[in-house]
Amino acid sequence: MIINLAKCIGCQACTVACKFQNNVPDGQYRTKTPSSALKGTYPNVSQYFIKEACQMCQNAPCVSVCPTKASHYNEDGVVLVDVDKCVGCKYCMTACPYDARFLNKATGAVEKCTFCYELKVSKGEKPACVSTCVGGALIFGDLNDPASEASQFLAKHKGEARKPELGTHPDVYYIYEGVVK
Amino acid sequence: MDITWGASVNEIAWGGIIAFYLFLAGIAGGAFLTASLTELFSKKQYPNVIRSGAYIAPVTIIIGLGLLVVDLGRPLTFWKLLLNVNFGSVMSIGVFIISAFSALAVVYAYLVWSAAAAKKQIKLASADEKLTALPEVVATSESQGLQVLRKPVAILGALFSVGTATYTGFLLSAVTTSNFWHTPLLGIEAIPFLPILFLVSATSTGIAATLIGAGNSRDLTSYKKIDMVLIILELVLISVLYLSVDPIFFTGSMALPFWFGVVAIGLVLPLLLSIYSIMKHKNVILPVSGLVIIGGLCLRYFVVYTGQLFR
């Protein structure tokens, strides 16, 4: 997934769509889009919104620490949680540097963004947040396929991963072009 | 918190319950180590120390495991930890180390208890000459047969108690994304810091708990000296830790548990008291042990929280 920050207007349609799609309990979020701190003085005032969710790391710390293999990669390399195997030990939550995971109040299992894999992506559709995005800030596709929209976009723009120093190799890229970091 | 405009705060996944569990697992490991090593290597007899350590270990580890299960999001599914194994996960390996340790601790406590009970019965029997104590003799010889296991259980248990104590450190140090937990010893990437610190603290608090349980029955000077050496060692380790990580970890809400709890109550005060007691030949086992134990709890609390608060 590519998040083109300059196009995000902070409308929270993604936040709401995710809650609709995934039946996430009240007060909990698989994705949220908080604002950055307001910076600068007139005329150089800046603020932007940054969508947060699972970064779908290729070297995911949550997967390696999970004692029951509930956190795993599926055949497409998407990081998922097998609710049946999860005992709710929260080890993965201590390991995730992106605060992407939470303990579902209703099930007691750990939960996070799935890219809407089962409900949407496996049927050839886009994740709920992407298809609802008002500003067109979210681009979804297979980064291993050079012909995909996501790959094409990333080839032309500089994508940055969050906290690259941790070596988690996220599959979610942020494009800061047009925003003041 | 307002999810759009509020500043995002690092959430705490593991709180006080986990800190207390790590603390109890440390005491259990340390107490078992104290009892078993005394039995295996001490020339002097310390029956009260062996009994105290042997009883404290299973009680604390079982309470600790209970807390661990209660802290799960789905406590009733804890058995899945035994079925679904991930050898790449420190916690998964730890489940088996701690299970084995708990079993050995229970067996050892039973052996120590039954030997002590048999001794009492023999005493009673010989005191009352008319009672030839037939059933007691049978019971005694039966439990005597089991006593063959005592040494192997003590040896194996000692290994697993070291495993349990270091595991509590490895559990945290394996989280490579937490700068504090993942801190290596003196910058040597291959040697994680927390397992060493927790092993020292576990032994120290384990001895302290065992001494409290043993009462003042016999001269325990050698234990006091060992505990003093461990306190000094821990003080050195804490200084190394302080110098090798970002100072932010010791600030804010963590300043009090660290400076007051870990350093003052847990290390400096008991050290000064121990030195005073050796110089003045005063008995201060209870206050020193009490302070060491409180300090051990503060250490787990501090480490568990600060590793999650600042990252």
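Residues numbered from 1 in each chain as written. Chains lettered and ligands numbered in written order. Predicted model: local features only at pLDDT ≥ 70, side-chain atom pairs only at ≥ 80, totals over all residues. Heavy atoms only, no water.

Regarding the overall build of chain B
Across its full length, chain B carries 10 helices and two strands. Secondary structure elements of chain B occur, N-terminal to C-terminal, as α-α-α-α-α-α-β-β-α-α-α-α. Since a compact globule built from 311 residues should have a radius of gyration of about 19 Å, the 22 Å found for chain B is in line with a globular shape. Seen through its principal axes, chain B has C-alpha atoms that stretch 85 × 55 × 35 Å. The buried share of chain B, reckoned over its 311 residues, is 50%. The contacts in chain B between residues at least 6 apart in sequence include a share of 79% that link residues at least 24 apart. Summed over all atoms, the accessible surface of chain B reaches about 14,600 Å², with 72% contributed by carbon and sulfur. Here chain B holds 18 positive side-chain charges and 13 negative ones, and the gap between their average locations is 10 Å. (Helix = DSSP H or I, 4+ residues; strand = E, 2+ residues; numbered from the N terminus. Rg over C-alpha atoms; globule rule 2.2 N^0.38 Å. Buried < 20%, exposed > 50% of the residue type's maximum accessible area, 1.4 Å probe, protein only. Contact = heavy atoms within 4.5 Å. Areas by Shrake-Rupley, 256 points an atom, 1.4 Å probe, with all protein chains shown as cover. Lys, Arg positive; Asp, Glu negative; His and termini not counted. Charge placed at Lys NZ, Arg CZ, Asp CG, Glu CD.)

Examining the nonpolar core
Within the largest apolar cluster, 85 residues are counted, with the highest numbers of intra-cluster contacts made by Trp14, Tyr108, Leu172, Phe180, Leu197 and Val303 of chain B. Not counting residues up to four positions away in its chain, the partners in contact with Trp14 of chain B are Cys89, Lys90, Tyr91 and Thr94 of chain A together with Asp71, Met91, Leu171, Leu172, Trp181, Val304 and Gln308 of chain B. (Core = buried A, V, L, I, M, F, W, Y, C linked by side-chain atoms within 4.5 Å.)

Considering helix 10 (residues 285-309) of chain B
Its 25 residues give helix 10 of chain B an end-to-end C-alpha distance of 36 Å, which sits within 8% of 36 Å, the value for a rise of 1.5 Å per residue. The element helix 10 of chain B is extensively covered by neighbouring structure, given that 18 of its 25 residues are classed as buried. (Expected span 1.5 Å × (residues − 1).)

A word on the packing of aromatic side chains
Applying the stated rule across the entire model yields 20 aromatic pairs over all chains. Seen from their ring centres, Tyr242 of chain B and Phe250 of chain B are 4.7 Å apart, and the 50° between their planes marks the pair as tilted. With a relative accessible area of 33%, Tyr242 of chain B lands in the partly exposed category. Grouping aromatic residues by their ring pairs yields a cluster made of Phe180, Tyr242, Phe249, Phe250, Phe258, Trp259 and Phe302 of chain B. When the ring centre of Tyr29 of chain A is taken as reference, the NZ or CZ atom of Lys19 of chain A above it lies at 4.7 Å. Arg300 of chain B extends its terminal NZ or CZ atom over the ring of Phe198 of chain B, reaching a point 4.7 Å from the ring centre. (Phe/Tyr/Trp six-rings, centres within 6.5 Å; stacked < 30°, edge-to-face > 60°. Lys NZ or Arg CZ within 6 Å of the ring centre and 35° of its normal.)

Structural notes on the packing of helix 1 (residues 16-41) of chain B against helix 10 of chain B
Residue and element names in this part refer to chain B. Contact geometry of helix 1 with helix 10 gives a least axis separation of 8 Å together with a crossing angle of 135°. Looking at the two axes, helix 1 sits oblique to helix 10. Considering only the axes of helix 1 and helix 10, their crossing is right-handed. Along its contact with helix 1, which presents Gly16, Ala19, Phe20, Leu22, Phe23, Gly26 and Ile27, the element helix 10 presents Ile293, Gly296, Leu297, Arg300, Tyr301, Val304 and Tyr305. Grouping the amino acids of the contact of helix 1 with helix 10 by side-chain chemistry returns 10 nonpolar, three polar and one charged. (Axes fitted to C-alpha atoms, helices over the stretch in contact; angles between N-to-C directions. Parallel < 35°, antiparallel > 145°, perpendicular 65-115°, else oblique. Left-handed = near helix turned anticlockwise from the far one by under 90°. Nonpolar A, V, L, I, M, F, W, Y, C, P; charged D, E, K, R; others polar.)

A few points about the interface of chain A and chain B
Taken together, the contact between chain A and chain B spans 38 residues of the former and 32 residues of the latter. Buried surface at the junction of chain A and chain B, summed over both partners, amounts to about 2,800 Å²; 55% is from carbon and sulfur atoms. Taken together, the links from chain A to chain B amount to one salt bridge. Between Asp71 of chain B and Lys90 of chain A there is a salt bridge; the shortest N-O distance is 3.2 Å. Scanning the region where chain A abuts chain B turns up 14 residue pairs in polar contact (both at pLDDT 80 or more). The set of elements that each furnish at least two residues to the side of chain A that touches chain B consists of helix 2 (61-65) and helix 3 (91-95) of chain A. The residue makeup of the side of chain A that touches chain B, split by class, is 20 nonpolar, 12 polar and six charged. (Buried area = accessible area lost by both parts, 1.4 Å probe. Salt bridge = Lys/Arg side-chain N within 4 Å of Asp/Glu carboxyl O. Polar contact = N/O pair within 3.5 Å; in protein donor to acceptor, adjacent residues only side chain to side chain.)

In short, shape yes, function no, at least from these values alone.
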